[in-house]
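# Observations on the model geometry
One-letter residues, chain by chain:
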Amino acid sequence: MQIKPTVLTLPLLLAGIASPLTAHAFSDGAPEGFSASPASGGLSCVLCHASFDLNSGPGSISILDLPTLYAPDQTYALRVRVEDLSMVGAGFELSVESGAGAPLGDLAIEDPINTQSAGGPTPIFVTHTSPGKANAIDNWIAMGTAAEFTVNWQAPSGDAGEIGFYAAGVAINNGTASSNDNAYTTDAARSAAAEGDLNGDGVIDTADLGLLISAFGSSDPVADIDNDTIVGVADLGILIAAFGS
Ligand code: HEC
Ligand SMILES: [Ca+2]
Ligand SMILES: [Ca+2]
Ligand SMILES: [Ca+2]
């Protein structure tokens, strides 16, 4: 007998998701793998929050505080903002991946009250918590009919090529069901800063030199350009050779 994959894929997927459902309600955080990323197979919240077409509501989701270029080892506090003047709260999911869907850099839970890993202990997909949803509702008007979630991301130790940032979210009616919510997605891509451009602003100048000098003698991974675990003359040499470029 021949199996028809097109017919089976979706029911199988939903069966796989539905099994932990009883132990873990969806409002406690989105299921893993729905950030509309390559690793998500492009799937997002709209698969279940399906009352309205994706990105058809009056709002949006955005990833704020991304650097122009990522500096190796630098940690960035990224803000995921969901806004929608027709809704009363929000949830989200974020992942950072290569075009082939491999996680890149390290996500870290900076705000464990409002955010959590959607899967295992090492966060690959980060989502809201149950209090995070409640706080989003409480602060919705003050934030400009919006909610913001902060997630730390540390860039890889070297140039990992172009990196994709993927976020999906729902702006909710707080009906405690997946109906009548607006689903949104966004993505952005960033390239690595040149060696010596410690602050990732596209130029190697006195600002970078200042950062290196203040980290001199330490093990600060950002200023440790040659990755030998110490910020020393070798790193200074690399920066000076590239100075002004
Ligand atoms: C596989 C189906 C499924 C997917 C995918 C899914 N959800 Fe849900 N979601 C549900 C269900 C079912 C509910 C309602 C029951 C509950 O609260 O557990 C819900 C409820 C919610 C609520 C509360 C809604 C309200 O009106 O109060 C939020 C917030 C939420 N989901 C966020 C997300 C986000 C963000 C994503 C995408 C990153 C997502 N969900 C993806 C099934 C899903
Ligand atoms: Ca709803
Ligand atoms: Ca610079
Ligand atoms: Ca060094």
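As a starting point, this report considers the structure included with it. For clarity, every value in this text was computed on a predicted model and none was experimentally measured.

Moving on: the overall build of the protein chain. When helices and strands are counted, the protein chain shows 4 helices and 9 strands. The order of α-helices and β-strands along the protein chain, N terminus first, is α-β-β-β-β-β-β-α-β-β-β-α-α. Taking all contacts inside the protein chain whose residues are at least 6 apart in sequence as the whole, residues at least 24 apart take part in 67%.

Take helix 2 (residues 130-139) next. Among the residues of helix 2, those classed as buried are Gly-132, Lys-133 and Ala-136. Down the axis of helix 2, the smallest arc covering the buried residues is 100°, so these residues share one side. Buried-residue contacts for helix 2 involve strand 3 (89-97), strand 5 (115-117), strand 6 (126-128) and strand 7 (146-154).

Across the sheet, 4 strands lie side by side as 1-2-7-4; this open sheet has antiparallel pairing. Unpaired on one side and paired on the other, strand 1 (60-64) and strand 4 (106-108) mark the two borders of the sheet. Here the strands of the sheet are splayed against their neighbours by 30° on average, with no regard to which way each runs. With 5 bridges joining them, strand 1 and strand 2 (residues 75-83) adopt antiparallel strand pairing. Each residue of the ladder has a partner; that of Leu-64, found in strand 2, is Arg-79.

Analysis parameters
Residues numbered from 1 in each chain as written. Chains lettered and ligands numbered in written order. Predicted model: local features only at pLDDT ≥ 70, side-chain atom pairs only at ≥ 80, totals over all residues. Helix = DSSP H or I, 4+ residues; strand = E, 2+ residues; numbered from the N terminus. Contact = placed C-beta atoms within 7 Å. Buried ≥ 20, exposed ≤ 12 C-beta atoms within 10 Å, placed from the backbone. Arc of directions from axis to C-beta. Pairing = 2+ DSSP bridges. Axes fitted to C-alpha atoms, helices over the stretch in contact; angles between N-to-C directions.

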